[in-house]
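Geometric and topological summary
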Protein chains: 2
Amino acid sequence: MGSGERKSAGKRPAAPAGLNRDVVLDAALGLLDAVGPDGFTMRALARRLGVYPTSIYWYFPRKNDLLAAVVAHVLRDLAPETDPRDWRPFIAGLFRRYREAMRRHPHVAALTGANLVSNAAVDLALIDGILAALVHAGCPDERLLAAFDVVISSMAGFATMEFAALPGEDQSAWVDDMRAAVAAVDATRHPHLHRLRDRMANRHFMLRWENGTTVPLDAGFDAHVAVVIAGLEAFMHHQES
Amino acid sequence: MGSGERKSAGKRPAAPAGLNRDVVLDAALGLLDAVGPDGFTMRALARRLGVYPTSIYWYFPRKNDLLAAVVAHVLRDLAPETDPRDWRPFIAGLFRRYREAMRRHPHVAALTGANLVSNAAVDLALIDGILAALVHAGCPDERLLAAFDVVISSMAGFATMEFAALPGEDQSAWVDDMRAAVAAVDATRHPHLHRLRDRMANRHFMLRWENGTTVPLDAGFDAHVAVVIAGLEAFMHHQES
DNA sequence: ACCTGAACACCGTTCAAGT
DNA sequence: ACCTGAACACCGTTCAAGT
């Protein structure tokens, strides 16, 4: 379901500048990995390709279409090889593969999840695979699609947050603020946080100043997979409405 | 832990243009609600305030600082009134309140989750409350912080995706593409999706062309809350490592 | 079919200057 | 302390023109 597609199925007479859809796409992913969403510019991409900025518009009519294609490229082949009929390994493998894709290209985390366009990225085979897994897990039909939504949002939610973008380059000030706030936690007002603040500082959500590229949340991720699978089991097989 | 703070605790002699931090913040949230992140411009905000664009920089040194403050403002007072010792209603209420905040200001969904800066937004009381809830649920100490990460990412993940931003204003083309793709699902290659495609079209993740503001995912959200709570229960009390 | 080149209507941010 | 006003170095996108 790609947008910005060219139909020309005819012979291509070796374009003068050697540009084509895949070349632009590869360069775009390289640029995004290198500079992040803020630095990702049509003009910077053109510089990288050695062409005029407007040349890119022949292949992608808008910057958003190009970014959507990049997301689609990164998220291709997410479905695990395991048989969906063995639903637990299938779901766990899916989550793991999604996370690995985000780890390889952390800057796309900001473009997924919070953007509906990226939905067009994911292939129908993956959707069918998840539905198959849930059906074989014994999910009743009237809960199937709710369970599906839980799987999708859980798959994307954790990794999106783990690799959340850092603020601009003047990090130092905000890092100092974070450190100070964590160090100054009041023992009587926030006793639990006070007790755990050294273990939590920069290692858990809401108290980090680095993201998953430098400080992975492995324990949290494993817990997340276990929680979703155990919770789905209960949700699918619990009696009452 | 706000950034871009002014220290001047002294008397303020009624600024000529009537500008101050709260006025700017309110106008910023109003502008964001009205036009979304793409239209959110320092110059547009200045127009709305009747001042020069550069005036805003007196209160917020960078656009990012202003956006972080807007996120912080929207996410204030998330902690439910219920006692964290009753951990299930506490977690469920927390998720519900987070979702309601996103529903009130859907455009901030794109700014949370995928952005580390927004972390500075959330107050320490909320973190302490979640930790208290998990401790009173009987979570063993060595699993406490992993469970905490599951709670945070689950709280933010679903709502962020439910209110994910739509593409630009030329929706029609991409909506037609989505409709066509859903209608053309192959019955033999994707049997489950084929069977469910009418029920899923525009109503579930990955197959939507509208977001939660017009098509809420109520069933999915309720399932998500149930799954996380039941899954946490299992994770916290399961014996083996 | 594919790319150049100029041009339009914008941006965020800096900085000196005013009051 | 707070705001104006000009200026800098950029943007995405359009459109006519070339080959």
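Conventions and cut-offs
- Residues numbered from 1 in each chain as written.
- Chains lettered and ligands numbered in written order.
- Predicted model: local features only at pLDDT ≥ 70, side-chain atom pairs only at ≥ 80, totals over all residues.
- Heavy atoms only, no water.
- Helix = DSSP H or I, 4+ residues; strand = E, 2+ residues; numbered from the N terminus.
- Buried < 20%, exposed > 50% of the residue type's maximum accessible area, 1.4 Å probe, protein only.
- Lys, Arg positive; Asp, Glu negative; His and termini not counted.
- Salt bridge = Lys/Arg side-chain N within 4 Å of Asp/Glu carboxyl O.
- Polar contact = N/O pair within 3.5 Å; in protein donor to acceptor, adjacent residues only side chain to side chain.
- Contact = heavy atoms within 4.5 Å.
- Core = buried A, V, L, I, M, F, W, Y, C linked by side-chain atoms within 4.5 Å.
- pLDDT = per-residue confidence, 0-100.
- Buried area = accessible area lost by both parts, 1.4 Å probe.
- Nonpolar A, V, L, I, M, F, W, Y, C, P; charged D, E, K, R; others polar.
- Axes fitted to C-alpha atoms, helices over the stretch in contact; angles between N-to-C directions.
- Parallel < 35°, antiparallel > 145°, perpendicular 65-115°, else oblique.
- Left-handed = near helix turned anticlockwise from the far one by under 90°.
- Near = heavy atom within 4 Å.
- Phe/Tyr/Trp six-rings, centres within 6.5 Å; stacked < 30°, edge-to-face > 60°.
- Lys NZ or Arg CZ within 6 Å of the ring centre and 35° of its normal.

1. Focus on the side chain of aspartate 149 of chain A
Positionally, aspartate 149 of chain A belongs in helix α6 (residues 141-162). Lacking a salt bridge, the buried aspartate 149 of chain A has arginine 208 of chain B as its closest oppositely charged neighbour, with an N-O distance of 6.9 Å. A distance of 2.6 Å separates a polar atom in the side chain of aspartate 149 of chain A from a polar atom in the side chain of histidine 204 of chain B. Among residues more than four places away in sequence, those in contact with aspartate 149 of chain A are Phe158, Arg203, His204, Phe205, Leu217 and Gly220 of chain B.

2. A few points about the nonpolar core
By size, the foremost hydrophobic cluster in this structure holds 168 residues, and its most contacted members are Leu66 of chain A together with Leu66 of chain B. Setting aside anything within four residues of it in sequence, one finds leucine 66 of chain B in contact with Val24, Leu25, Ala28, Phe40, Met42, Leu45, Ile56 and Phe60 of chain B.

3. Remarks on the pattern of salt bridges
Enumeration over the complete set of coordinates arrives at 16 salt bridges over all chains. The shortest N-O distance in the salt bridge between aspartate 141 of chain A and arginine 199 of chain B comes to 3.0 Å. With one member in each of two chains, aspartate 141 of chain A in helix α6 and arginine 199 of chain B in helix α8 (residues 191-200) form a pair that bridges those chains. Judged by its relative accessible area of 33%, aspartate 141 of chain A falls in the partly exposed class. Arginine 199 of chain B sits in the partly exposed class, given a relative accessible area of 37%. One network of salt bridges, with partners in common, ties together Arg99, Glu162 and Asp218 of chain A.

4. Considering the confidence of the model for chain A
Per-residue confidence for chain A gives a mean pLDDT of 89, with 87% of residues at or over 70. Counting interchain partners and residues more than four positions distant, the pLDDT-below-50 stretch residues 1-15 of chain A has 15 contacts.

5. Some words on the interface of chain B and chain A
Where interface size is quoted, it is often the accessible area lost as the parts come together. Between chain B and chain A, the contact holds 79 residues from the first and 79 residues from the second. Taken together, both faces of the contact between chain B and chain A bury some 6500 Å²; the carbon and sulfur share is 72%. Linking chain B to chain A there are four salt bridges. Run the count over chain B and chain A and you get twelve residue pairs in polar contact (both at pLDDT 80 or more). When residues of the side of chain B that touches chain A are traced back to their parent elements, those giving at least two are α5 (124-136), α6 (141-162), α7 (171-183), α8 and α9 (218-237) of chain B. The leading source of residues in the side of chain B that touches chain A is α6 of chain B, at 15 residues. Within the side of chain B that touches chain A, the residues separate by chemical class into 49 nonpolar, 18 polar and twelve charged.

6. Quick word on the packing of helix α1 (residues 21-39) of chain A against helix α2 (residues 42-49) of chain A
Residue and element names in this part refer to chain A. Put simply, α1 and α2 touch, their axes get as near as 10 Å, and they point 130° apart. Between α1 and α2, the crossing angle belongs to the class labelled oblique. Of the two possible hands of crossing, α1 and α2 adopt the one that is right-handed. Between α1, through Val23, Val24, Ala27, Ala28, Gly30, Leu31, Ala34 and Gly39, and α2, the contact on the second element is made entirely by Ala44, Leu45, Arg48 and Leu49.

7. So, the protein's contact with DNA strand C
Neighbouring DNA strand C are 21 residues; Tyr52, Ser55 and Tyr59 of chain A together with Arg43 and Thr54 of chain B lie closest to it. Near the protein, within 4 Å, the atoms of DNA strand C are sugar or phosphate in 58% of cases. Here leucine 19 of chain A contributes a backbone N or O atom positioned 3.3 Å from a phosphate oxygen of DNA strand C. A distance of 3.0 Å is found between a base oxygen of DNA strand C and a side-chain nitrogen or oxygen belonging to threonine 54 of chain A. It is helix α2 (residues 42-49) of chain B that provides the largest number of residues to the surface near DNA strand C, a total of three residues. For the surface near DNA strand C, the per-class residue count stands at ten nonpolar, five polar and six charged.

8. Observations regarding the packing of aromatic side chains
For the structure shown, the criterion picks out four aromatic pairs over all chains. Here the aromatic rings of phenylalanine 158 of chain B and phenylalanine 205 of chain B are separated by 5.5 Å at their centres, their planes lie at 65°, and the arrangement is edge-to-face. One end of the pair, phenylalanine 158 of chain B, is in helix α6; the other, phenylalanine 205 of chain B, is in the loop between α8 and α9, and 47 residues separate them in sequence. In this pair, the class of phenylalanine 158 of chain B matches that of phenylalanine 205 of chain B, namely buried. Each residue in the set Phe158, Phe205 and Phe221 of chain A is aromatic and connected to the rest through ring pairs, giving one cluster. Taking the ring centre of phenylalanine 221 of chain A as reference, the NZ or CZ of arginine 99 of chain A above it sits at 4.5 Å. A cation over a ring is seen here: arginine 143 of chain A above phenylalanine 235 of chain A, with NZ or CZ 4.9 Å from the ring centre.

9. Details of the protein's contact with DNA strand D
If you check the shell around DNA strand D, you find 21 residues, and the closest are Arg43 and Thr54 of chain A together with Tyr52, Ser55 and Tyr59 of chain B. Within 4 Å of the protein, the contacting atoms of DNA strand D are drawn from sugar and phosphate to the extent of 58%. One of the backbone nitrogen or oxygen atoms of leucine 19 of chain B is found 3.3 Å away from a phosphate oxygen of DNA strand D.

10. Remarks on the side chain of histidine 204 of chain A
If you trace the backbone, histidine 204 of chain A turns up in the loop between α8 (191-200) and α9 (218-237). Residues contacting histidine 204 of chain A, with those up to four places away along its chain left out, are Arg199 and Leu217 of chain A together with Leu145, Ala146, Phe148 and Asp149 of chain B.

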